[in-house]
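Observations on the model geometry
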Amino acid sequence: MSALSVSGLSVRFGTHEVLRDVALDVAPSERVVLFGPSGVGKTVMLRAIAGLEPNARGRVLLQGRDVSDAAPEARHIGVAFQNFALYPHMSARENIASPLRAQKRDAAEIARRVDAVAELLRIGHVLDHAPRALSNGQKQRTALARALVGEPRLILFDDPLRNVDAKLRYEMRIELPRLLAARETASVYVTQDFREAMAMGERVAVLLDGTIVQCAPAAEVYDNPATIAVARLFGDPPMNLIPARGVAAGGGCRVNVAGLAFGFAAASPAEPVFGVRPEAVTLHDVGSPGRVPARVLAVTPMNERQIVLLRLADGTELVASEAAAPAATELHVGIAPGAGTLFDAASGLAVATSPVAEEVSA
Amino acid sequence: MSLVLENVDKIYGEGSRHPVHAVRTMNLDIADGEIIALLGSSGCGKTSTLRMVAGFETVSHGTINLAGRRIDTLPPARRGVAMAFEGYALYPPLTIAENIGFALRGERRDKAAVEQEVREVADLLEIGPILGRKPNGLSGGQQQRASLARALIRRADLHLLDEPMGQLEPQLRAVLRGRVKARIKERGYTAVLVTHDQGEANAMADRIAVMEAGVLQQFGSPADLRERPANLFVGTFFGEPPMNTLPGRATAQGFEALDEAGAVALRIPAPLPPGIEPGRDVVLGLRPHRLHLGTGAFQGEVVSNQWLGDQAHVAIEAAGRMLIGIHPERFGARLGSTVPFGFDPADLHVFDKASGIALAHGAVS
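So, how was this worked out
Residues numbered from 1 in each chain as written. Chains lettered and ligands numbered in written order. Predicted model: local features only at pLDDT ≥ 70, side-chain atom pairs only at ≥ 80, totals over all residues. Heavy atoms only, no water. Domains from an automatic or database assignment. Contact = heavy atoms within 4.5 Å. Buried area = accessible area lost by both parts, 1.4 Å probe. Salt bridge = Lys/Arg side-chain N within 4 Å of Asp/Glu carboxyl O. Polar contact = N/O pair within 3.5 Å; in protein donor to acceptor, adjacent residues only side chain to side chain. Helix = DSSP H or I, 4+ residues; strand = E, 2+ residues; numbered from the N terminus. Nonpolar A, V, L, I, M, F, W, Y, C, P; charged D, E, K, R; others polar. Buried < 20%, exposed > 50% of the residue type's maximum accessible area, 1.4 Å probe, protein only. Core = buried A, V, L, I, M, F, W, Y, C linked by side-chain atoms within 4.5 Å.

Describing the domain arrangement of chain B
Residue and element names in this part refer to chain B. We note that the domain assignment places domain 1 (3-228) and domain 2 (235-360) within chain B. Taking only C-alpha atoms into account, the centre of domain 1 sits 38 Å from that of domain 2. At the interface, 12 residues of domain 1 touch seven residues of domain 2. In terms of surface lost to domain 2, no three residues of domain 1 exceed Gln198, Arg226 and Glu227, which account for 61% of the buried area on that side. Counting across the interface, domain 1 meets domain 2 through one salt bridge. The interface formed by domain 1 and domain 2 contains five residue pairs in polar contact (both at pLDDT 80 or more). For the side of domain 1 that touches domain 2, the secondary-structure elements that each account for two or more residues are α6 (198-204), β9 (207-212) and α7 (222-227). Per-element tally for the side of domain 1 that touches domain 2: the top contributor is α7, with four residues. Of the residues in the side of domain 1 that touches domain 2, the class split is five nonpolar, four polar and three charged.

Quick look at the environment of A:Arg203
Residues and elements named next belong to chain A. Topologically, Arg203 is positioned in strand β9 (residues 203-208). Overall, Arg203 belongs to the partly exposed group, its relative accessible area being 22%. For the pair Arg203 and Ser288, spaced 85 residues apart in sequence, the C-alpha to C-alpha distance is 40 Å. Sequence-distant contacts of Arg203, that is, excluding residues within four places in its chain, are made with Asp25, Val26, Glu30, Arg31, Val32, Val33, Cys215, Ala216, Pro217 and Ala218.

Here's the deal with the nonpolar core
Within the largest apolar cluster, 80 residues are counted, with the highest numbers of intra-cluster contacts made by A:Phe35, A:Val204, A:Phe234, B:Phe255 and B:Leu284. Leave out the neighbours within four places in its chain, and B:Leu284 touches B:Asn244, B:Thr245, B:Leu246, B:Phe255, B:Glu256, B:Ala257, B:Ile268, B:Leu348, B:His349 and B:Val350. Formed by 48 residues, the second largest nonpolar core is a distinct cluster that contains B:Leu90, B:Ile130, B:Met204 and B:Val210.

The following block contains the structure:
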């Protein structure tokens, strides 16, 4: 039985429809990331699941139990927000204990469970401190401990690492999935950082224009984005998206992209766009079939990768991600075998993947 | 043109009971045509430094020379500096095109030529469609790009860019960074950019000046900062994900990494580099990209294995310590399994435990 099952969820503020007939299923102990740019309604969706959104219409089931009309506290969902939201007048211990107090647990059990979760999050030594005496990292851990302590079957995370420094963010990216797996807690995790989405989520649900446009394992969203918009948001640098020309060929189509040609096993859309990840753009020092000349405009390193901005003869700009900076300014580029996605610019949808490179005819 | 800061101090409230020493004895020598980044977290002194070069702050001690000419005594307008600053706003009554072309108009250039140049730099920064609009009502990101365009259109001895692309949407970032860098290089501009974002510094700069607590920690190429960090601060601050660090000790046989209880967790046989005597307390540093997974002399438990689309980030627990390794391909190990790992002693950084100063890069003599 699903830990969470949302169906027909709509949220309207006046005439503005934020969410439109949204469905989402989360399996027991599954981690699902809700991904999308800011203002797209991710937080609204979390609030609706938690029972905090009066304008929500639709059904919310927890372990098969319909809680659509239940009050927030009757849903027993753990919630961790972006801005910690600790009670300032309470110690860290009292903050963490607050959900158990609300459930009227006895003092010995509360102490035992708070100590256990604090140990797990390595904040045992600051339990008696007030929030103002905690570092940002400790505040965030305290807020997470409070969300975990009641051992809810489901926890909602509203971009909890948005305001913490890069080091802590990275630590939590490693730790949090472990913690949730160990406690067999299902979660919905909101973020607009695709790396965090890939690290945290077993599946990623991409929310755009009021609906979930793709919900799939993280690597699947990365490799095969369902739409141009997803391709633009998921990846850094994002996928190259190049307007192309297509003609019918065989049972499918042949697409010409800045001097390169690819065969796809699908009919060509009226306005084809060829998408290719920067990692799949290959650099060569000599020309050969399937490669075209290009000029290196600039190299902008990213960590250990070299991000190379290229300009092709027809003016097309192409971004490549390489292990080493190219030695020459003038070189040839190709596309790794099988890489590339064909999109339809009109509908925005991905039409086909796995192209076969073809000889360019004059 | 070349920019030289010599023994520059910035002390706010000098002579008062609580002076704030924002910048301490700063020395920088920037070559003609170089792009450098002042990198650090907020309050590190990078913005005070930039403001002194621009002339918005007085220099408490020391001198600043641009193209061989002392400028710290000149008013801002006479320093020959083009700027894109957060507080250096666009003129609200003028359109974006008029704002960008303002300085060129002042040079009594031909109107059509100015328009042509404005169009070109606007296209470069993808703000062509808003050239006719006024600044109010534009998004922060658009205003930022307009301000950057206004600086990039000018030929000046020095370009000062304060967080120039901080608000760029990620979709545009790679392309615009490349175009801006190409433009600066093509025209031979000398540029100083200030940023708290090491990604931006790494992408744009030939050399990076890392600042912390008003003190220049290191001034070097991105490769220098990665391969030869001057101290533990630079080692762990620069590089994503951060450097793995292990407290340890030098012995006659090499190095020992210690677990949290102080017991020996890993033994790393290596001849001691010169200047490190047995018994010395050290911190050992290893970049995640230099940790080899699936091969090596050590064993650890895989506690996390995350595929990020183009690389795998793997966390390994060995003797109570967690180490991060980056694998260029998917790493096929299940959580909880034990895998071999290792590293080349030449990739190990050794820092003095007490001072944090780097003692050796590469634990080989």
